[in-house]
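# Coordinate inspection notes
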Amino acid sequence: MRIAVCISTLDRHDGLARALRSVASQRFEGATAPAIEAIVANNDPTDRAPHEIARAIHDATGLAVTVLDEPERGTAPPRNRALAQAQASSDLIAFLDDDEEAPPEWLATMLAVKARFDADIVTGPVIPTFDRTPPEWAARAYARPARATGSPRPWAFTGNVLFDAALLERLATWFDPRFTQGEDRHFFARLAATGARIVWCAEAAPREYIPESRLD
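For the structure given in this document, a descriptive report is provided here.

Rules used throughout
- What you see as residue numbers is a count from 1 along each chain, following the sequence as written.
- pLDDT decides what is reported in this predicted model: residues at 70 or higher carry local features, side-chain atom pairs at 80 or more are listed and counted, and totals for whole chains, interfaces and linings draw on all residues regardless.
- Side-chain numbers here rest on the full set of heavy atoms in the structure, without hydrogens or water.
- By nonpolar core is meant a set of buried Ala, Val, Leu, Ile, Met, Phe, Trp, Tyr and Cys residues that side-chain atoms within 4.5 Å join together.
- Classification of residues uses two cut-offs on accessible area relative to the type maximum, computed with a 1.4 Å probe and protein chains only: under 20% is buried, over 50% is exposed, and between them is partly exposed.
- Put simply, DSSP marks the helices as runs of H or I at least four residues long and the strands as runs of E at least two long, and each gets a number from the N terminus on.
- A contact between two residues is defined here by any heavy atoms of the two lying within 4.5 Å.
- A carboxyl oxygen of Asp or Glu within 4 Å of a side-chain nitrogen of Lys or Arg is what we treat as a salt bridge.
- Here a polar contact is recorded for every N or O atom pair within 3.5 Å, except that within protein the pair must consist of a potential hydrogen donor and a potential acceptor, and residues adjacent in sequence are included only if both atoms are side-chain atoms.
- Should DSSP find at least two bridges between two strands, the strands are regarded as paired.
- Convention adopted: a line fitted to C-alpha atoms gives each axis, helices being fitted over their contacting stretch, and angles between N-to-C directions are expressed from 0 to 180 degrees.
- Geometric relationships in this document are graded by angle, where less than 35 degrees denotes roughly parallel, more than 145 denotes roughly antiparallel, 65 to 115 denotes roughly perpendicular, and other angles denote oblique.
- Should the near helix be turned anticlockwise from the far one by less than a right angle, the crossing is termed left-handed; should it be turned clockwise, right-handed.
- Any residue that is not Ala, Val, Leu, Ile, Met, Phe, Trp, Tyr, Cys, Pro, Asp, Glu, Lys or Arg is counted as polar, Gly included; the first ten are nonpolar and the last four charged.

To continue, consider the nonpolar core. The tendency in soluble globular proteins is for nonpolar side chains to be buried as a group. The biggest cluster of nonpolar side chains holds 32 residues, and the ones touching the most others in it are Val-5, Leu-20, Leu-96, Trp-106, Leu-107 and Leu-162. Elements supplying a minimum of two residues to this core: β1 (2-9), α1 (13-24), β2 (35-42), α2 (49-61), β4 (92-95) and α4 (106-116). Residues within four places of Leu-107 in sequence aside, it is in contact with Ile-3, Val-5, Gln-26, Phe-28, Ile-36, Ala-94 and Leu-162. Core analysis: the next-biggest nonpolar cluster, separate from the first, contains 26 residues, Cys-6, Ile-39, Ala-82 and Leu-167 among them.

Set out below in structure tokens:
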């Protein structure tokens, strides 16, 4: 089994390094571990730091990391670039944001839930982590709903998701570049409309690091 973890990045060098280290730290017990590759879509080709970070993570951990430069700015173009690479090389595709850190059991738990509930797509919460105590509006904005594992969902988000690479063949277009936000919800909702089963996994929750600058 081959899993590609896609990460779109722009000007978050520390966050990208943390996210990649967490992918390299994934643990699997009781079964043969899948082959994991990280695919980084760098949305600023003039910024060579993502390439340097990828090499450093590979040298330190052995994680296979591919960095693709995507010049068209936005959320959809780099994600589509990563998807095209992942489709060609992987059985399963996961997404993680470049301000997130996945726990070591993240992928193993998602795989177990996928098998248990016969799901095509597994998604779950992201836990906000603040530099300081957030104001009330921020605490409300970043609050995550509590749902039972196995609950059906009408869509998913790229902050925490795992799905079959073969699903990409069902859509003529993937993430729609006309969207300035919400293109990931739209993408997974269209997959659900083709019959793809989406379920919730409450136990596999990456942390999202929210800097003080986003609380002003």
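A separate point is the pattern of salt bridges. Inspection of the entire model under this criterion finds ten salt bridges. One salt bridge connects Arg-2 with Asp-91, and the closest N-O pair in it is separated by 3.3 Å. A residue pair is termed long-range when its members are at least 10 positions apart, and Arg-2 in strand β1 and Asp-91 in the loop between α3 (76-89) and β4 qualify at 89 residues. Since its relative accessible area comes to 39%, Arg-2 is described here as partly exposed.

Here Thr-109 is to be found in helix α4. Among the polar contacts listed, one links the side chain of Thr-109 to the backbone oxygen of Glu-105, at a separation of 2.8 Å.

The next thing to look at is the sheet that holds strand β10 (residues 207-210). Taken in spatial order, the three strands of this open sheet run β5-β10-β7, and their pairing is mixed. If you trace the sheet from one side to the other, it starts and ends with β5 (100-101) and β7 (127-130), each paired once. Sheet analysis places β5 next to β10, joined by two bridges and oriented antiparallel. In the strand pairing of β10, Glu-101 is matched with Arg-207.

As a further point, take the packing of α1 against α2. It is the contact of α1 with α2, at a shortest axis distance of 10 Å, that shows an interaxial angle of 30°. By the criterion of interaxial angle, the relationship of α1 to α2 is roughly parallel. By crossing handedness, the relation of α1 to α2 is classed as right-handed. Note on element contacts: α2 touches α1 through Ala-49, Pro-50, Ile-53, Ala-54, Ile-57 and Thr-61, opposite His-13, Leu-16, Ala-17, Leu-20, Arg-21 and Ala-24. When the residues that make up the contact of α1 with α2 are grouped by side-chain class, the tally is nine nonpolar, two polar and one charged.

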